[in-house]
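Take a look at the letters that make up each chain.
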Amino acid sequence: MAANSIIKIKNVSYTYPETKKPAIDQISFEVERGSWTAVIGHNGSGKSTIIRLINGLLVPDEQGQPYIEVDGVELTDDTVWQIRNKVGVVFQNPDNQFVGATVADDVAFGLENRGVARNEMLKIIPKVLEAVGMSSSSDVEPANLSGGQKQRVAIAGILAIKPKIIILDEATSMLDPEGKNQILEIVRQMKKKYHLTVISITHDIDEASQADQVIVMNDGKLVDQGSTKKIFNQTQVLDDLGLDVPFFQQIKIRLIQDGIKLPNDIDSEEEMINYLCQLNSKM
Ligand SMILES: Nc1ncnc2c1ncn2[C@@H]1O[C@H](COP(=O)(O)OP(=O)(O)O)[C@@H](O)[C@H]1O
Ligand SMILES: [Mg+2]
(Lines give C-alpha, C1' and ligand atoms only; values in the text may rest on other atoms or scores of the structure.)
(Ligands and ions follow the chains in the order given, each with its own letter.)
Protein backbone atom coordinates (compact mmCIF):
# COMPACT_ATOMS: atom_id res chain seq x y z
CA MET A 1 0.00 0.00 0.00
CA ALA A 2 1.16 3.50 -0.73
CA ALA A 3 2.64 5.16 2.36
CA ASN A 4 0.79 8.42 1.99
CA SER A 5 -2.78 7.30 1.40
CA ILE A 6 -5.47 9.22 3.27
CA ILE A 7 -8.18 6.75 2.24
CA LYS A 8 -7.72 2.99 2.01
CA ILE A 9 -10.58 0.79 0.86
CA LYS A 10 -10.10 -2.97 0.59
CA ASN A 11 -12.54 -5.64 -0.57
CA VAL A 12 -15.60 -3.55 0.14
CA SER A 13 -19.00 -4.67 -1.10
CA TYR A 14 -22.41 -3.38 -0.19
CA THR A 15 -25.85 -4.81 -0.88
CA TYR A 16 -28.85 -2.63 -0.04
CA PRO A 17 -31.51 -4.34 2.10
CA GLU A 18 -34.13 -6.09 0.01
CA THR A 19 -31.93 -6.13 -3.07
CA LYS A 20 -29.89 -9.09 -4.29
CA LYS A 21 -27.23 -7.58 -6.46
CA PRO A 22 -24.47 -5.69 -4.64
CA ALA A 23 -24.52 -1.94 -5.38
CA ILE A 24 -20.75 -2.05 -4.69
CA ASP A 25 -18.91 -5.18 -5.63
CA GLN A 26 -15.47 -5.96 -4.14
CA ILE A 27 -13.99 -2.50 -4.45
CA SER A 28 -10.42 -1.67 -3.46
CA PHE A 29 -8.65 1.62 -3.98
CA GLU A 30 -6.52 4.22 -2.26
CA VAL A 31 -6.49 7.99 -2.40
CA GLU A 32 -3.27 9.89 -1.93
CA ARG A 33 -3.19 12.62 0.69
CA GLY A 34 -3.54 16.07 -0.87
CA SER A 35 -4.64 14.76 -4.27
CA TRP A 36 -7.75 15.45 -6.34
CA THR A 37 -9.60 12.34 -7.45
CA ALA A 38 -12.51 12.32 -9.88
CA VAL A 39 -14.99 9.45 -9.80
CA ILE A 40 -16.88 8.96 -13.03
CA GLY A 41 -19.51 6.44 -14.10
CA HIS A 42 -23.14 6.09 -15.11
CA ASN A 43 -26.08 6.81 -12.86
CA GLY A 44 -26.48 3.85 -10.56
CA SER A 45 -22.89 2.66 -10.91
CA GLY A 46 -22.35 2.95 -7.14
CA LYS A 47 -20.53 6.27 -6.75
CA SER A 48 -22.69 7.73 -3.97
CA THR A 49 -22.81 4.37 -2.20
CA ILE A 50 -19.02 4.45 -1.89
CA ILE A 51 -19.25 7.85 -0.20
CA ARG A 52 -21.87 6.56 2.27
CA LEU A 53 -19.50 3.69 3.09
CA ILE A 54 -16.53 6.00 3.61
CA ASN A 55 -18.35 8.16 6.12
CA GLY A 56 -19.97 5.21 7.86
CA LEU A 57 -23.58 5.87 6.89
CA LEU A 58 -23.59 2.34 5.48
CA VAL A 59 -21.74 -0.70 6.79
CA PRO A 60 -20.05 -2.98 4.20
CA ASP A 61 -21.23 -6.55 3.60
CA GLU A 62 -19.34 -8.90 5.91
CA GLN A 63 -17.91 -11.28 3.38
CA GLY A 64 -14.40 -10.69 2.04
CA GLN A 65 -12.99 -9.02 5.18
CA PRO A 66 -13.72 -5.46 4.13
CA TYR A 67 -11.45 -2.71 5.40
CA ILE A 68 -11.93 1.06 5.34
CA GLU A 69 -9.37 3.50 6.71
CA VAL A 70 -9.53 7.28 6.70
CA ASP A 71 -6.58 9.44 7.72
CA GLY A 72 -4.91 6.56 9.56
CA VAL A 73 -8.06 5.56 11.46
CA GLU A 74 -9.88 2.28 10.76
CA LEU A 75 -13.61 2.83 10.36
CA THR A 76 -15.47 1.00 13.14
CA ASP A 77 -18.53 1.70 15.30
CA ASP A 78 -16.24 3.50 17.72
CA THR A 79 -14.50 5.71 15.17
CA VAL A 80 -17.39 6.66 12.93
CA TRP A 81 -17.81 10.16 14.39
CA GLN A 82 -14.10 10.77 14.40
CA ILE A 83 -14.09 9.91 10.69
CA ARG A 84 -17.17 11.98 9.87
CA ASN A 85 -15.35 15.00 11.26
CA LYS A 86 -12.58 14.38 8.77
CA VAL A 87 -14.84 14.10 5.73
CA GLY A 88 -17.14 16.84 4.46
CA VAL A 89 -19.60 16.00 1.70
CA VAL A 90 -21.33 18.54 -0.57
CA PHE A 91 -24.37 16.94 -2.19
CA GLN A 92 -26.07 17.53 -5.50
CA ASN A 93 -29.17 19.44 -4.48
CA PRO A 94 -28.42 22.78 -2.80
CA ASP A 95 -31.97 22.92 -1.38
CA ASN A 96 -31.62 19.72 0.61
CA GLN A 97 -28.58 20.91 2.51
CA PHE A 98 -29.91 23.89 4.41
CA VAL A 99 -30.93 23.54 8.03
CA GLY A 100 -30.48 27.08 9.34
CA ALA A 101 -32.84 30.03 9.00
CA THR A 102 -29.99 32.26 7.85
CA VAL A 103 -26.61 31.67 6.24
CA ALA A 104 -24.77 32.18 9.54
CA ASP A 105 -27.20 29.89 11.42
CA ASP A 106 -26.62 27.22 8.86
CA VAL A 107 -22.87 27.24 9.36
CA ALA A 108 -23.42 27.41 13.14
CA PHE A 109 -25.54 24.26 13.07
CA GLY A 110 -22.68 21.87 12.34
CA LEU A 111 -20.54 23.54 14.99
CA GLU A 112 -23.31 23.39 17.62
CA ASN A 113 -23.75 19.72 16.86
CA ARG A 114 -20.13 19.21 17.68
CA GLY A 115 -20.31 21.12 20.94
CA VAL A 116 -18.18 24.05 19.82
CA ALA A 117 -18.40 26.93 22.31
CA ARG A 118 -20.33 30.02 21.24
CA ASN A 119 -17.41 32.47 21.41
CA GLU A 120 -15.38 30.05 19.30
CA MET A 121 -18.25 29.79 16.80
CA LEU A 122 -18.41 33.56 16.45
CA LYS A 123 -14.80 33.53 15.34
CA ILE A 124 -15.12 30.62 12.92
CA ILE A 125 -18.32 31.62 11.09
CA PRO A 126 -17.14 34.94 9.57
CA LYS A 127 -13.85 33.33 8.61
CA VAL A 128 -15.38 30.47 6.62
CA LEU A 129 -18.03 32.71 5.03
CA GLU A 130 -15.27 35.00 3.87
CA ALA A 131 -13.38 32.04 2.42
CA VAL A 132 -16.31 31.24 0.13
CA GLY A 133 -17.12 34.86 -0.71
CA MET A 134 -20.38 34.97 1.29
CA SER A 135 -19.50 37.42 4.08
CA SER A 136 -22.09 39.96 3.04
CA SER A 137 -24.87 37.33 3.11
CA SER A 138 -24.45 36.27 6.71
CA ASP A 139 -28.04 37.23 7.70
CA VAL A 140 -29.69 36.31 4.43
CA GLU A 141 -32.38 33.60 4.32
CA PRO A 142 -31.40 30.58 2.24
CA ALA A 143 -34.47 30.98 0.00
CA ASN A 144 -32.99 34.22 -1.30
CA LEU A 145 -29.75 32.64 -2.50
CA SER A 146 -28.87 31.23 -5.91
CA GLY A 147 -27.97 27.56 -6.24
CA GLY A 148 -24.29 28.40 -6.48
CA GLN A 149 -24.46 30.59 -3.37
CA LYS A 150 -26.17 27.77 -1.47
CA GLN A 151 -23.39 25.38 -2.42
CA ARG A 152 -20.84 27.95 -1.26
CA VAL A 153 -22.57 28.09 2.13
CA ALA A 154 -22.53 24.28 2.23
CA ILE A 155 -18.77 24.42 1.65
CA ALA A 156 -18.40 27.05 4.40
CA GLY A 157 -20.26 24.71 6.78
CA ILE A 158 -17.81 21.97 5.91
CA LEU A 159 -14.73 24.17 6.27
CA ALA A 160 -15.96 25.17 9.73
CA ILE A 161 -15.41 21.65 10.99
CA LYS A 162 -11.86 21.59 9.58
CA PRO A 163 -12.08 18.44 7.49
CA LYS A 164 -9.17 16.63 5.87
CA ILE A 165 -11.22 15.50 2.89
CA ILE A 166 -13.90 17.27 0.90
CA ILE A 167 -16.18 15.21 -1.32
CA LEU A 168 -18.30 16.79 -4.01
CA ASP A 169 -21.09 14.35 -4.91
CA GLU A 170 -22.25 15.89 -8.19
CA ALA A 171 -22.24 19.16 -6.26
CA THR A 172 -21.98 21.30 -9.39
CA SER A 173 -24.47 19.41 -11.54
CA MET A 174 -27.45 21.69 -10.83
CA LEU A 175 -25.49 24.91 -11.28
CA ASP A 176 -25.07 27.14 -14.30
CA PRO A 177 -21.56 27.32 -15.80
CA GLU A 178 -20.67 30.42 -13.80
CA GLY A 179 -21.83 28.93 -10.49
CA LYS A 180 -20.01 25.72 -11.33
CA ASN A 181 -16.75 27.49 -12.06
CA GLN A 182 -16.99 29.52 -8.87
CA ILE A 183 -17.46 26.39 -6.78
CA LEU A 184 -14.53 24.63 -8.43
CA GLU A 185 -12.32 27.69 -7.98
CA ILE A 186 -13.22 27.90 -4.27
CA VAL A 187 -12.51 24.21 -3.81
CA ARG A 188 -9.15 24.60 -5.57
CA GLN A 189 -8.21 27.51 -3.31
CA MET A 190 -9.33 25.73 -0.13
CA LYS A 191 -7.51 22.57 -1.16
CA LYS A 192 -4.31 24.55 -1.42
CA LYS A 193 -4.79 26.63 1.70
CA TYR A 194 -5.82 23.79 4.01
CA HIS A 195 -4.00 20.91 2.26
CA LEU A 196 -7.30 19.18 1.64
CA THR A 197 -7.81 15.98 -0.30
CA VAL A 198 -10.62 16.33 -2.84
CA ILE A 199 -12.88 13.68 -4.32
CA SER A 200 -15.28 14.88 -6.98
CA ILE A 201 -18.00 12.67 -8.31
CA THR A 202 -19.02 14.21 -11.55
CA HIS A 203 -20.68 13.73 -14.91
CA ASP A 204 -18.89 16.79 -16.17
CA ILE A 205 -15.93 15.40 -17.98
CA ASP A 206 -14.20 18.74 -18.21
CA GLU A 207 -14.45 19.00 -14.41
CA ALA A 208 -13.06 15.47 -14.09
CA SER A 209 -10.17 16.25 -16.38
CA GLN A 210 -8.85 18.75 -13.79
CA ALA A 211 -8.22 15.91 -11.31
CA ASP A 212 -4.91 14.15 -10.60
CA GLN A 213 -6.42 10.69 -10.80
CA VAL A 214 -9.65 9.22 -12.08
CA ILE A 215 -11.63 6.24 -10.84
CA VAL A 216 -14.06 4.72 -13.33
CA MET A 217 -17.10 2.91 -11.92
CA ASN A 218 -19.44 0.68 -13.86
CA ASP A 219 -22.24 -1.45 -12.47
CA GLY A 220 -20.88 -1.50 -8.91
CA LYS A 221 -17.36 -2.36 -9.98
CA LEU A 222 -14.25 -0.26 -10.17
CA VAL A 223 -13.30 -0.83 -13.79
CA ASP A 224 -10.30 1.44 -14.08
CA GLN A 225 -8.16 3.80 -12.08
CA GLY A 226 -5.16 5.87 -13.01
CA SER A 227 -3.78 9.27 -13.80
CA THR A 228 -6.21 11.59 -15.52
CA LYS A 229 -3.94 11.55 -18.54
CA LYS A 230 -4.02 7.75 -18.76
CA ILE A 231 -7.78 7.41 -18.30
CA PHE A 232 -8.76 10.12 -20.75
CA ASN A 233 -6.39 8.86 -23.39
CA GLN A 234 -8.34 5.60 -23.40
CA THR A 235 -11.09 7.20 -25.41
CA GLN A 236 -12.35 3.85 -26.68
CA VAL A 237 -12.82 2.47 -23.13
CA LEU A 238 -14.77 5.58 -22.09
CA ASP A 239 -16.81 5.37 -25.25
CA ASP A 240 -17.61 1.68 -24.65
CA LEU A 241 -18.90 2.56 -21.18
CA GLY A 242 -20.99 5.33 -22.69
CA LEU A 243 -19.00 8.01 -20.86
CA ASP A 244 -18.05 11.34 -22.32
CA VAL A 245 -14.59 12.12 -23.54
CA PRO A 246 -13.12 15.54 -22.57
CA PHE A 247 -13.67 18.23 -25.19
CA PHE A 248 -9.97 18.67 -26.03
CA GLN A 249 -9.68 14.91 -26.51
CA GLN A 250 -12.61 14.97 -28.91
CA ILE A 251 -10.85 17.69 -30.90
CA LYS A 252 -7.66 15.64 -30.83
CA ILE A 253 -9.43 12.61 -32.30
CA ARG A 254 -11.11 14.70 -35.01
CA LEU A 255 -7.84 16.35 -36.02
CA ILE A 256 -6.08 12.99 -36.20
CA GLN A 257 -8.97 11.62 -38.28
CA ASP A 258 -8.54 14.57 -40.61
CA GLY A 259 -4.88 13.65 -41.11
CA ILE A 260 -3.39 16.39 -38.95
CA LYS A 261 -0.33 15.13 -37.12
CA LEU A 262 -0.42 16.24 -33.49
CA PRO A 263 2.42 16.33 -30.99
CA ASN A 264 2.11 13.63 -28.30
CA ASP A 265 2.14 15.95 -25.34
CA ILE A 266 -1.25 17.61 -25.64
CA ASP A 267 -3.00 16.53 -22.45
CA SER A 268 -5.10 19.47 -21.44
CA GLU A 269 -7.47 22.01 -22.91
CA GLU A 270 -4.84 24.70 -22.38
CA GLU A 271 -2.18 22.78 -24.30
CA MET A 272 -4.69 22.18 -27.09
CA ILE A 273 -5.52 25.89 -27.28
CA ASN A 274 -1.83 26.81 -27.38
CA TYR A 275 -1.21 24.28 -30.11
CA LEU A 276 -4.16 25.44 -32.21
CA CYS A 277 -3.07 29.08 -31.88
CA GLN A 278 0.42 28.18 -33.05
CA LEU A 279 -0.99 26.17 -35.92
CA ASN A 280 -3.11 29.12 -36.92
CA SER A 281 -0.23 31.58 -36.80
CA LYS A 282 1.82 29.35 -39.13
CA MET A 283 -0.92 29.23 -41.79
N1 LIG B 1 -31.52 3.31 -0.70
C2 LIG B 1 -31.35 2.40 -1.67
N3 LIG B 1 -32.03 1.23 -1.64
C4 LIG B 1 -31.89 0.30 -2.60
N5 LIG B 1 -31.05 0.44 -3.65
C6 LIG B 1 -30.35 1.57 -3.74
C7 LIG B 1 -30.46 2.61 -2.76
N8 LIG B 1 -29.63 3.64 -3.12
C9 LIG B 1 -29.03 3.25 -4.26
N10 LIG B 1 -29.45 2.02 -4.63
C11 LIG B 1 -29.00 1.26 -5.80
O12 LIG B 1 -27.61 1.07 -5.69
C13 LIG B 1 -26.97 1.23 -6.94
C14 LIG B 1 -25.90 2.31 -6.85
O15 LIG B 1 -26.52 3.55 -6.57
P16 LIG B 1 -25.69 4.89 -6.31
O17 LIG B 1 -24.55 4.59 -5.42
O18 LIG B 1 -26.65 5.92 -5.90
O19 LIG B 1 -25.12 5.18 -7.77
P20 LIG B 1 -24.54 6.53 -8.40
O21 LIG B 1 -24.24 7.47 -7.28
O22 LIG B 1 -23.34 6.09 -9.17
O23 LIG B 1 -25.61 7.06 -9.31
C24 LIG B 1 -28.07 1.53 -7.96
O25 LIG B 1 -28.45 0.34 -8.58
C26 LIG B 1 -29.19 2.06 -7.08
O27 LIG B 1 -30.42 1.78 -7.66
MG1 LIG C 1 -24.94 9.43 -6.93
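A.B. asks: Just checking my understanding: could you explain the overall build of the chain for this structure?
C.D. replies: Within the chain, the regular secondary structure consists of eleven helices and ten strands. The C-alpha radius of gyration computed for the chain amounts to 20 Å, which stays within 12% of the reference 19 Å derived for 283 residues, consistent with globular compactness. C-alpha atoms of the chain, sized along the principal axes, occupy 65 × 50 × 35 Å. Here the chain, with 283 residues, has 49% of them falling under the buried criterion. Here the contacts in the chain between residues at least 6 apart in sequence split such that 63% fall between residues at least 24 apart. With the model as given, the accessible surface of the chain reaches about 14800 Å², and the carbon-plus-sulfur share is 49%.

A.B. asks: Please clarify how the sheet that holds strand 5 (residues 73-74) should be interpreted in this entry.
C.D. replies: Strand pairing in a sheet relies on backbone hydrogen bonds. The paired strands run either parallel or antiparallel. The antiparallel open sheet is built from four strands, whose spatial order is 2-1-4-5. Edge positions in the open sheet fall to strand 2 (24-32) and strand 5, since each of these has one partner strand only. Across four bridges, the pairing between strand 1 (residues 5-14) and strand 4 (residues 67-70) is antiparallel. The residue of strand 4 that forms the bridge with Lys10 is Tyr67. Helix 1 (residues 47-54) rests against strand 1, strand 2 and strand 4 of the sheet, and its axis sits at about 115° to strand 1.

A.B. asks: Got a minute to help me understand the nonpolar core in this structure?
C.D. replies: It is characteristic of soluble globular proteins that their nonpolar side chains tend to be buried jointly. The biggest cluster of nonpolar side chains holds 49 residues, and the ones touching the most others in it are Ile40, Val107, Ile125, Ile155, Leu159 and Phe232. The element best represented in this core is helix 5 (residues 147-160), accounting for seven residues. Setting aside anything within four residues of it in sequence, one finds Ile40 in contact with Lys47, Thr202, Ile205, Ala208, Val214, Ile215, Val216, Met217, Phe232, Leu238 and Leu243. Ile51, Val80, Ile165 and Ile167 belong to the second largest nonpolar core, which has 29 residues in total.

A.B. asks: Looking at this structure, I do not really get the site of ligand 1. What am I missing?
C.D. replies: Close to ligand 1 lie Tyr16, Ala23, His42, Asn43, Gly44, Ser45, Gly46, Lys47, Ser48 and Thr49. A distance of 3.5 Å separates a nitrogen atom of ligand 1 from a polar side-chain atom of Tyr16. Contact with the protein chains hides 60% of the accessible area of ligand 1, taken as 560 Å² for the molecule alone. Split by residue class, the shell around ligand 1 holds two nonpolar, seven polar and one charged.

A.B. asks: What should I look at first to understand the sheet that holds strand 8 (residues 197-201) in this one?
C.D. replies: The six strands are arranged 6-7-8-3-9-10 in an open sheet whose pairing can be described as mixed. One side of each edge strand has no neighbouring strand; the edge strands of this open sheet are strand 6 (87-90) and strand 10 (221-227). Adjacent strand axes in the sheet meet at a mean angle of 15°, parallel and antiparallel pairs treated alike. Pairing analysis gives six bridges linking strand 9 (residues 213-218) to strand 10, with the strands arranged antiparallel. Counted as the bridge partner of Val214 is Gly226 from strand 10. Sitting on the sheet, helix 5 touches strand 6 and strand 7 (165-169), and the angle it makes with strand 6 is about 170°.

A.B. asks: Just to check I follow, could you spell out the packing of aromatic side chains for this structure?
C.D. replies: Any aromatic ring pair is given by two values, namely how distant the centres are and how the planes are angled relative to each other. Counted under the stated rule, the structure contains one aromatic pair. Taking the ring centre of Trp81 as reference, the NZ or CZ of Arg84 above it sits at 4.8 Å.

A.B. asks: I'm lost on the pairing of strand 7 in this one. Help?
C.D. replies: For strand 7, the buried fraction is high: five of the five residues fall into the buried class. Because side chains alternate across strand 7, one face comprises the buried residues Ile165, Ile167 and Asp169, and the other comprises Ile166 and Leu168, equally buried. As defined by bridge partners, strand 6 adjoins strand 7 across four bridges and the pair is classed as parallel. Residue Val87 lies in a different strand from strand 7, and its bridge partner there is Ile165. Of the pairings in the sheet, the one linking strand 7 to strand 8 comprises five bridges and is parallel in character. Its bridge partner being in strand 8, Leu168 is matched across the sheet by Ser200.

A.B. asks: Before we go on, may I ask you to explain helix 5 in this structure?
C.D. replies: Residue pairs three or four apart in sequence face the same way in an α-helix, which turns once every 3.6 residues. Here helix 5 spans 20 Å end to end across 14 residues, near enough to the 20 Å set by a 1.5 Å rise per residue. Among the 14 residues in helix 5, twelve count as buried, and that is most of the element. Those residues of helix 5 lying buried are Gly148, Lys150, Gln151, Arg152, Val153, Ala154, Ile155, Ala156, Gly157, Ile158, Leu159 and Ala160. On its buried face, helix 5 is in contact with strand 6, helix 3 (103-113), helix 4 (118-131), strand 7 and helix 6 (177-194). With its phi angle positive at about 50°, Lys162 sits one or two positions after the end of helix 5.

A.B. asks: How should I be thinking about the packing of helix 3 against helix 5 in this particular structure?
C.D. replies: How two helices sit against one another is set out by the angle between their axes and by the gap between those axes. At their nearest, the axes of helix 3 and helix 5 sit 8 Å apart, and the two run at 35° to each other. Like other packed secondary-structure pairs, helix 3 and helix 5 cross with a definite hand, here right-handed. Of the residues in helix 5, those in contact with Val103, Asp106, Val107 and Leu111 of helix 3 are Val153, Ala156, Gly157 and Ala160. Class assignment for the residues of the contact of helix 3 with helix 5 results in six nonpolar, one polar and one charged.

The rules behind these values
- Residues numbered from 1 in each chain as written.
- Chains lettered and ligands numbered in written order.
- Predicted model: local features only at pLDDT ≥ 70, side-chain atom pairs only at ≥ 80, totals over all residues.
- Heavy atoms only, no water.
- Helix = DSSP H or I, 4+ residues; strand = E, 2+ residues; numbered from the N terminus.
- Rg over C-alpha atoms; globule rule 2.2 N^0.38 Å.
- Buried < 20%, exposed > 50% of the residue type's maximum accessible area, 1.4 Å probe, protein only.
- Contact = heavy atoms within 4.5 Å.
- Areas by Shrake-Rupley, 256 points an atom, 1.4 Å probe, with all protein chains shown as cover.
- Pairing = 2+ DSSP bridges.
- Axes fitted to C-alpha atoms, helices over the stretch in contact; angles between N-to-C directions.
- Core = buried A, V, L, I, M, F, W, Y, C linked by side-chain atoms within 4.5 Å.
- Near = heavy atom within 4 Å.
- Polar contact = N/O pair within 3.5 Å; in protein donor to acceptor, adjacent residues only side chain to side chain.
- Nonpolar A, V, L, I, M, F, W, Y, C, P; charged D, E, K, R; others polar.
- Phe/Tyr/Trp six-rings, centres within 6.5 Å; stacked < 30°, edge-to-face > 60°.
- Lys NZ or Arg CZ within 6 Å of the ring centre and 35° of its normal.
- Expected span 1.5 Å × (residues − 1).
- Left-handed = near helix turned anticlockwise from the far one by under 90°.

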